[in-house]
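# Report on the structure
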Amino acid sequence: MKLDHVAIAVSDHRPVLRQLTGELGALVLSGGTPQGAGFRAMQIRLGRGEAGMTVEVLEPFQPENNDFLARFIDATGGGVHHVTFKTDDIVVERERLRALGVEPVGVDFAGGWKEMFIHPRDGQGTVIQIAQSDLVELAMSEWLDGLPETLVSFDGTEPWWDVGTVLEGRAVATLQRVVIATPDPASGVAFYRDVLEGEAEGHTIIWNGGEILLEAAEGGPRVDRLEIVGHPSIEIGTVRFLGL
């Protein structure tokens with residue numbers, strides 16, 4: 001299992017893109033507008049080489065076709081929407097999850113992008129997407145070295161974002177980890193270690209692609225913040241990026 005990205009939902013991508021690229025020095029990797037999905041997506045790298053993590057920015061688009069993202073933003077104001085893991089064999093992965101007592105929802109194995117989800121009630125308060133892509137993926141260092149040629153639209157459409165803002169900023173921040181606040185960190189560690197096959201080091205779970213930290217806090221489990229190095233703390237949309 002690989003931790004692929006953390007997705008944030010925004011009502012308007014433009015100020016978010018300006019902050020991520022202009023202030024934090026992030027780089028746009030890819031994006032697209034899936035037909036009838038009700039959103040458009042953009043993947044942005046916070047880090048260089050193999051260091052760092054990828055953030056996916058989701059913006060509502062033609063919500064009359066599917067309004068799930070628009071409803072999420074209306075209800076919450078936006079913020080972290082899900083965390084995505086990738087696998088080489090999603091069919092085998094579904095059976096492994098079922099054997100552990102976790103029943104995936106939203107299963108769609110048609111086409112070149114196959115996906116299923118773990119409901120927040122089973123996923124420590126967070127939507128977990130598990131996906132398999134038929135595309136051959138470059139190592140992140142190769143992808144970044146190849147920019148702008150490797151900057152692609154994954155569905156063959158023109159870039160939907162303002163390409164004029166996609167510039168490398170002076171600061172280069174690295175996204176270190178996603179922090180989940182939970183009243184029961186031990187249960188969270190067990191979930192991410194055993195169900196999602198991460199390597200536990202205390203309350204930190206590590207995969208190829210990133211880290212998740214479980215932190216004790218009152219209230220229901222939830223994504224509390226994203227932690228970065230190389231830049232002071234900053235709020236982007238409704239997401240807190242805490243500088244370490």
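Keep in mind the model is a prediction, meaning the values are calculated, not measured. (Residues numbered from 1 in each chain as written. Predicted model: local features only at pLDDT ≥ 70, side-chain atom pairs only at ≥ 80, totals over all residues. Heavy atoms only, no water.)

### Regarding the overall build of the chain
From N to C terminus, the chain includes five helices and 16 strands. Its C-alpha atoms give the chain a radius of gyration of 17 Å, near enough to 18 Å, the size a compact globule of 244 residues would have. With the principal axes as the frame, the chain shows a C-alpha extent of 45 × 40 × 35 Å. Within the chain, the fraction of its 244 residues that count as buried is 49%. When the accessible surface of the chain is summed, it comes to about 11,200 Å², and 51% of that surface belongs to carbon and sulfur atoms. The averaged location of the 37 negative side-chain charges in the chain is 3 Å from the averaged location of its 19 positive side-chain charges. (Helix = DSSP H or I, 4+ residues; strand = E, 2+ residues; numbered from the N terminus. Rg over C-alpha atoms; globule rule 2.2 N^0.38 Å. Buried < 20%, exposed > 50% of the residue type's maximum accessible area, 1.4 Å probe, protein only. Areas by Shrake-Rupley, 256 points an atom, 1.4 Å probe, with all protein chains shown as cover. Lys, Arg positive; Asp, Glu negative; His and termini not counted. Charge placed at Lys NZ, Arg CZ, Asp CG, Glu CD.)

### Side note on helix H1 (residues 13–23)
Those residues of H1 that sit buried are His13, Val16, Leu17, Gln19, Leu20 and Thr21. Buried residues along H1 sit in contact with strand S1 (2–9), strand S2 (27–32), strand S3 (39–46), strand S4 (53–60), strand S15 (234–236) and strand S16 (239–243). Of the residues flanking the end of H1, it is glycine 25, one or two places downstream, whose phi is positive at about 75°. (Contact = heavy atoms within 4.5 Å.)

### Some thoughts on the sheet that holds strand S10 (residues 174–182)
Remark on secondary structure: sheet strands pair via backbone hydrogen bonds, oriented parallel or antiparallel. Spatial ordering of the open sheet is given by S11-S12-S13-S10-S14-S16-S15, a layout of seven strands whose pairing is mixed. The open sheet terminates on both sides in strands that have one partner only, identified here as strand S11 (199–201) and S15. Between one strand axis and the next, the sheet turns through 30° on average, direction left out of account. Pairing geometry for S11 and strand S12 (residues 204–207), over three bridges, is antiparallel. Opposite glutamate 199, over in S12, you have isoleucine 206 as the bridge partner. Sitting on the sheet, H1 is in contact with S15 and S16, with an inclination near 140° to S15. (Pairing = 2+ DSSP bridges. Axes fitted to C-alpha atoms, helices over the stretch in contact; angles between N-to-C directions.)

### Looking at the pattern of salt bridges
Taken as a whole, this structure holds 20 salt bridges when the rule is applied. For arginine 98, the salt bridge goes to glutamate 95, with nearest N and O atoms at 3.1 Å. On the criterion of helical spacing, the pair formed by arginine 98 and glutamate 95 is a turn pair, its members being three residues apart in helix H3 (residues 90–99). The salt bridge partner of arginine 225 is glutamate 227, with a shortest N-O separation of 3.0 Å. (Salt bridge = Lys/Arg side-chain N within 4 Å of Asp/Glu carboxyl O.)

### A short note on the packing of aromatic side chains
For the structure on display, the rule yields five aromatic pairs. Measuring from centroid to centroid gives 4.9 Å for phenylalanine 191 and tyrosine 192, while their planes differ by 80°, and the two rings are edge-to-face. Tyrosine 192 shares its class with phenylalanine 191; the two are buried. Aromatic ring contacts, followed pair by pair, group Phe85, Phe191, Tyr192 and Trp207 into a single cluster. (Phe/Tyr/Trp six-rings, centres within 6.5 Å; stacked < 30°, edge-to-face > 60°.)

### Side note on the sheet that holds strand S6 (residues 105–108)
Judged by pairing direction, the sheet is mixed, and its nine strands sit side by side in the order S6-S7-S8-S5-S1-S4-S3-S2-S9 without closing on themselves. Both outer strands of the open sheet, S6 and strand S9 (152–153), are each paired with one neighbouring strand and no more. Strand direction decides the pairing type here: S6 and strand S7 (residues 113–118), joined by two bridges, are antiparallel. Paired with valine 105 across the two strands is phenylalanine 117, which belongs to S7.

### Thoughts on helix H2 (residues 68–76)
Among the residues of H2, those classed as buried are Leu69, Ala70 and Ile73. All buried residues of H2 lie within an arc of 100° about the axis, which places them on one face of the element. For H2, the exposed residues lying more than 90 degrees away from the buried face are Asp74 and Ala75. In the segment just after H2, glycine 77 is the residue with positive phi, at about 85°. (Arc of directions from axis to C-beta.)

### What about the environment of arginine 225?
Inspection of the secondary structure assignment puts arginine 225 in strand S14 (residues 222–229). Arginine 225 sits in the buried class, given a relative accessible area of 8%. In sequence terms arginine 225 and glutamine 132 are 93 residues apart; their C-alpha atoms lie 27 Å from each other. Ignoring anything within four residues of it in the chain, the contact list for arginine 225 reads Arg177, Val178, Val179, Glu215, Arg240 and Leu242. Within the structure, the side chain of arginine 225 is placed 3.0 Å from the side chain of glutamate 227, a separation counted as a polar contact. (Polar contact = N/O pair within 3.5 Å; in protein donor to acceptor, adjacent residues only side chain to side chain.)

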